[in-house]
Amino acid sequence: MTSQRPERPEPFDAFETRLATRVTRHADRGVRPIDAGHIAHEAAATGRGSGVARRAGAGAGFLGRLGWLVAGAALAAGLIGGASWAGSHGLLGAAPTPSPTLVAVVPTEAPSVEPSTAPTTAPVTAPPTVAPILACALADLAARVTAWDGAAGNRIGTVVLTNTGAVACKLQAIERPQLVDGAGTVLIDGDDPSHPGSVEIAAGARVTTEVDDANYCGPAAVAPVSVAFVFSNGDRLVAAAKSPTDMSGLPDCLGPGGPGLVQMHPWAP
Amino acid sequence: MDAVIDPDALPAVVARAADGDEVAFARLVAAHHDDMARVAYVICGDPDLAQEAVQLAWPKVWRKVGTLRDPGHLRPWLVSVAANEARQLARTRGRRQVREVPVGDDLGSLVARRGDPGDRAAEMDLANAIAGLDLTDRSILALRYVAGFSSLEIAEVVGLSSGGVRARIARLLDRLRRELHE
C-alpha cells in the first residue's frame with residue numbers, strides 16, 4: 001500500500017475478516033512476474049499521442065504484440081470508469097463541459113434508507129413542484145458518428161447524441177448497439193444492456209459514447225457504415241455516418257467461426 | 001513485486017511520471033501492478049485475463065496520471081482503472097465464450113502441489129463460490145476484500161448507489177456464508 005485511502009471502508013465483522021484473508025490469498029493467483037520497466041516503456045510508447053487516437057494506439061501496442069484476438073472491447077472502458085471515479089477522487093476533468101450542460105448519471109437502484117430521527121412536526125412549506133423528466137422521444141434525438149479509430153482488428157467509433165427537443169429528457173446510459181450499413185442491414189448486433197444507470201440530457205445538450213466493434217465476416221457491406229442504438233421500448237436510432245461513403249467502422253474479419261462484437265460505453269457528457 | 005514507494009516520495013514520483021519520466025512511471029508499475037492484478041483476477045477469474053486487463057490499464061494511466069490532483073488517491077484510482085478493464089474483458093470473453101473460466105480443474109491441479117487437503121478443499125470451495133457469482137458481485141468482492149474500497153468507492157466502479165452496494169454486500173455475505181459453510 002503506497003498511498004493513503006481517501007475514505008475508510010466500513011469495518012469488517014469476524015466472517016468478513018476471515019473472508020478477506022481467504023479472498024486475498026486466492027487473489028494472489030492473479031499475480032505474475034513482471035518487468036516493470038518494460039511495461040512502463042510500452043505504456044509510454046502506446047500512451048503518447050492525443051485523444052481517441054491514443055486509445056487506438058494503446059490497443060495496437062499491447063494487443064498487437066501479444067496477438068490477442070479481441071482488442072477493441074476493452075480499450076475505452078478504463079477511461080470511462082476512470083473518469084467516473086475521478087469525479088470523486090481528486091482527478092481533474094479532461095475538458096470543461098460545454099454549455100448548456102447536462103448531465104446527471106442517475107442510479108436506477110433506490111438508495112438505501114438510513115435510520116433517522118424523523119421530525120415529529122410536518123414541514124411548514126410544501127416543496128416546489130418539479131416536472132418529471134421523461135424518457136427521450138426518438139424524434140427529439142439526433143446522433144452522428146464523428147470519428148472511427150481502430151487497432152488490432154477492432155474499430156472504435158465516437159458517437160455524439162444531441163437532445164434536439166425543447167425540454168430535458170432521460171435516456172438509459174447504455175442501449176443495445178448495432179453496427180449497420182447504408183442499406184439498413186444490421187452487420188453486428190450487440191447485447192441488451194445491463195448497466196443500471198440513466199442519463200438526463202438537457203434541451204440542446206449533447207452526450208457522447210464510444211462504440212467498439214470487431215470481427216465482421218459477413219457479406220460485403222454497403223456504404224456508409226454507421227451505428228444504431230435500440231432503446232428499451234424498441235425504438236431504434238440510427239446515427240448519421242461520418243460521411244456518405246465512410247466504411248472505416250467496418251472491422252476486419254478475425255475469424256469466420258467467431259461471432260462479431262459490438263458494444264458501447266455509457267453515454268457521458 | 002509490490003515495490004513500496006515511500007509516501008513522502010510519492011508526490012515527486014507521480015509528478016515525474018506525469019512529466020513523462022519512464023523510470024518514475026516504472027516505479028508506479030512496480031508498486032501497484034500486483035495489487036491491480038489481484039483485483040482483476042477475482043473479477044475475471046483467469047490469471048491471463050487479469051494480466052491482460054492490467055496491461056491495458058497502464059497506457060491509460062500514463063495518459064491520465066497528470067490529471068491526478070492528490071497522489072494519495074493514486075492507488076484506488078489505479079485499482080479502479082484495472083477493475084474496469086477486468087470487468088470489460090470478463091463481459092467480452094464471457095459472452096464470446098472464447099475461454100471458460102477453469103476454476104475447478106485449474107485450481108485443483110495447481111493447489112494439489114501444496115497445502116493440506118483441508119486447505120485445498122477450502123480454497124476450491126472459495127474459488128467455486130466466486131465463479132458462481134455474477135460480475136457485479138465478483139467486482140464488489142474484489143474491491144472490498146482485496147482492495148479495501150468503501151461502499152462509495154465501489155459504487156463508482158460498478159455503477160450502483162452506495163446504498164445499493166451495501167445491500168449487495170449483505171446478500172453476498174449471506175450467500176458466501178452458506179456456500180463456504182460458515
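The structure this text deals with has already been given above.
If you're wondering where the values come from, they're calculated on a predicted model, not measured in any experiment.

Peer 1: Quick question: what am I supposed to make of the overall build of chain A here?
Peer 2: The helix and strand tally for chain A stands at 5 helices and 11 strands. The proportion of buried residues among the 269 residues of chain A is 44%. Intrachain contacts of chain A at a sequence separation of at least 6 include 75% that bridge at least 24 residues. Surface accessibility of chain A: about 12900 Å² in total, with carbon and sulfur atoms responsible for 58%.

Peer 1: What is the right way to look at the side chain of Q178 of chain A in this model?
Peer 2: Residues and elements named next belong to chain A. Along the polypeptide, Q178 turns up in strand β5 (residues 176-180). A distance of 3.1 Å separates polar atoms of two side chains, one belonging to Q178 and the other to D189. Those residues within four positions of Q178 in sequence are excluded, and the remaining contacts are V186, I188, D189, S226, V227, A228, V230, R236 and V262.

Peer 1: Would you mind showing me how to read unusual backbone geometry here?
Peer 2: Among all residues except glycine, the phi angle is most often negative; among peptide bonds, the trans geometry is most common. Residues and elements named next belong to chain A. Following A223, the chain continues to P224 via a peptide bond in cis, the omega torsion being 0°. Within the fold, P224 resides in the loop between β8 (206-214) and β9 (226-230). Residue N215 is not a glycine yet carries a positive backbone phi of 65°.

Peer 1: What is the right way to read the packing of aromatic side chains from this model?
Peer 2: For any two aromatic rings, the description comes down to two numbers: the centre-to-centre distance and the angle of the planes. Residues and elements named next belong to chain A. Tallied over the entire structure, the rule returns 4 aromatic pairs over all chains. Between F229 and W267 the ring centres are 5.0 Å apart and the planes differ by 55°, which places this aromatic pair in the tilted class. With F229 in strand β9 and W267 in the segment after β11 (261-264), this pair connects stretches of sequence that are 38 residues apart. Each member of the pair, F229 as well as W267, carries the same accessibility label: buried.

Peer 1: Can you walk me through the nonpolar core in this structure?
Peer 2: Nonpolar side chains in soluble globular proteins tend to be buried together. Ranked by size, the top nonpolar core spans 76 residues in total, and within it L19 of chain A together with F25, L28, V39, W58 and L141 of chain B carry the most contacts. In terms of residue count, helix α2 (residues 22-44) of chain B provides more of this core than any other element does, 15 residues in total. Contacts of V39 of chain B, omitting those with residues within four sequence positions, involve V79, A83, A142, L143, V146 and A147 of chain B. In this structure, L179, A205, V207 and M264 of chain A belong to the second largest nonpolar core, which totals 30 residues.

Peer 1: Looking at this structure, I do not really get the pairing of strand β6 (residues 186-189) of chain A. What am I missing?
Peer 2: Each regular strand displays side chains that alternate between the two surfaces of the sheet. Residue and element names in this part refer to chain A. Direction of pairing for β5 relative to β6: antiparallel, over a ladder of 3 bridges. Directly across from L179, in β6, lies its bridge partner I188. In this antiparallel pair of consecutive strands, β5 and β6, the connection spans 5 residues, and G184 shows a positive phi of 85°.

Peer 1: For this particular structure, what's the right way to read the pattern of salt bridges?
Peer 2: Side chains that differ in charge, positive against negative, can pair when their charged atoms come close. Scanning all chains against the criterion turns up 14 salt bridges over all chains. Between D28 of chain A and R38 of chain B there is a salt bridge whose closest N-O contact spans 2.6 Å. Taken together, the residues D28 of chain A in the loop between α1 (14-27) and α2 (36-47) and R38 of chain B in helix α2 connect one chain to another. With relative accessibility at 36%, the residue D28 of chain A sits in the partly exposed group. Residues joined by salt bridges that share partners form a network here, namely D28 of chain A together with D35, R38 and R75 of chain B.

Peer 1: How should the state of the cysteines be read in this particular structure?
Peer 2: Note on terminology: a disulfide is the covalent bond linking the sulfur atoms of two cysteines. All names here are of chain A. With the rule as written, the count across this model stands at 2 disulfides over all chains. What pairs with C136 in a disulfide is C169, and their sulfur atoms sit 2.0 Å apart. In this structure, the disulfide formed by C136 and C169 twists by about 85° around the S-S bond and is classed as right-handed. Taken together, the residues span a long stretch of sequence, with C136 in the loop between β1 (105-107) and β2 (141-151) and C169 in strand β4 (residues 169-172) at a distance of 33 residues. Here C136 matches C169 in class, with each residue buried. The partner cysteine of C217 in its disulfide is C253, sulfur to sulfur 2.0 Å.

Peer 1: Please clarify how the packing of helix α7 (residues 135-146) of chain B against helix α9 (residues 162-179) of chain B should be interpreted in this entry.
Peer 2: Residues and elements named next belong to chain B. The contact between α7 and α9 brings their axes to 11 Å, and the two run at 95°. Taken together, α7 and α9 sit at an angle that is classed as roughly perpendicular. Two secondary-structure elements touch here, α7 through T136, D137, I140, L141, R144 and Y145 and α9 through R168, I169, L172, L173 and L176. A per-class count over the contact of α7 with α9 returns 7 nonpolar, 1 polar and 3 charged.

Peer 1: Even after reading the chapter, I still don't get the environment of R236 of chain A, so can you show me in this structure?
Peer 2: All names here are of chain A. Structurally, the position occupied by R236 is in strand β10 (residues 236-238). Taking the C-alpha atoms as reference points, R236 and E175, 61 residues apart in sequence, are found 9.6 Å from one another. With residues near it in sequence (within four places) discarded, R236 still touches L138, Q178, V180, G184, V186, A228, F229 and V230.

Peer 1: Would you take a moment to explain α1 of chain A for this structure?
Peer 2: Since one α-helical turn is 3.6 residues long, residues separated by three or four positions face the same way. Residues and elements named next belong to chain A. Its 14 residues place the ends of α1 20 Å apart at the C-alpha level, agreeing with the 20 Å of an ideal helix rising 1.5 Å per residue. Listing the buried residues of α1 in full gives F15, E16, L19, A20, R22, V23, H26 and A27. Put simply, D13 is the residue that caps the front of α1, since its side-chain oxygen is 3.1 Å from the backbone nitrogen of F15.

The rules we used
- Residues numbered from 1 in each chain as written.
- Chains lettered and ligands numbered in written order.
- Predicted model: local features only at pLDDT ≥ 70, side-chain atom pairs only at ≥ 80, totals over all residues.
- Heavy atoms only, no water.
- Helix = DSSP H or I, 4+ residues; strand = E, 2+ residues; numbered from the N terminus.
- Buried < 20%, exposed > 50% of the residue type's maximum accessible area, 1.4 Å probe, protein only.
- Contact = heavy atoms within 4.5 Å.
- Areas by Shrake-Rupley, 256 points an atom, 1.4 Å probe, with all protein chains shown as cover.
- Polar contact = N/O pair within 3.5 Å; in protein donor to acceptor, adjacent residues only side chain to side chain.
- Phe/Tyr/Trp six-rings, centres within 6.5 Å; stacked < 30°, edge-to-face > 60°.
- Core = buried A, V, L, I, M, F, W, Y, C linked by side-chain atoms within 4.5 Å.
- Pairing = 2+ DSSP bridges.
- Salt bridge = Lys/Arg side-chain N within 4 Å of Asp/Glu carboxyl O.
- Disulfide = S-S within 2.5 Å.
- Axes fitted to C-alpha atoms, helices over the stretch in contact; angles between N-to-C directions.
- Parallel < 35°, antiparallel > 145°, perpendicular 65-115°, else oblique.
- Nonpolar A, V, L, I, M, F, W, Y, C, P; charged D, E, K, R; others polar.
- Expected span 1.5 Å × (residues − 1).

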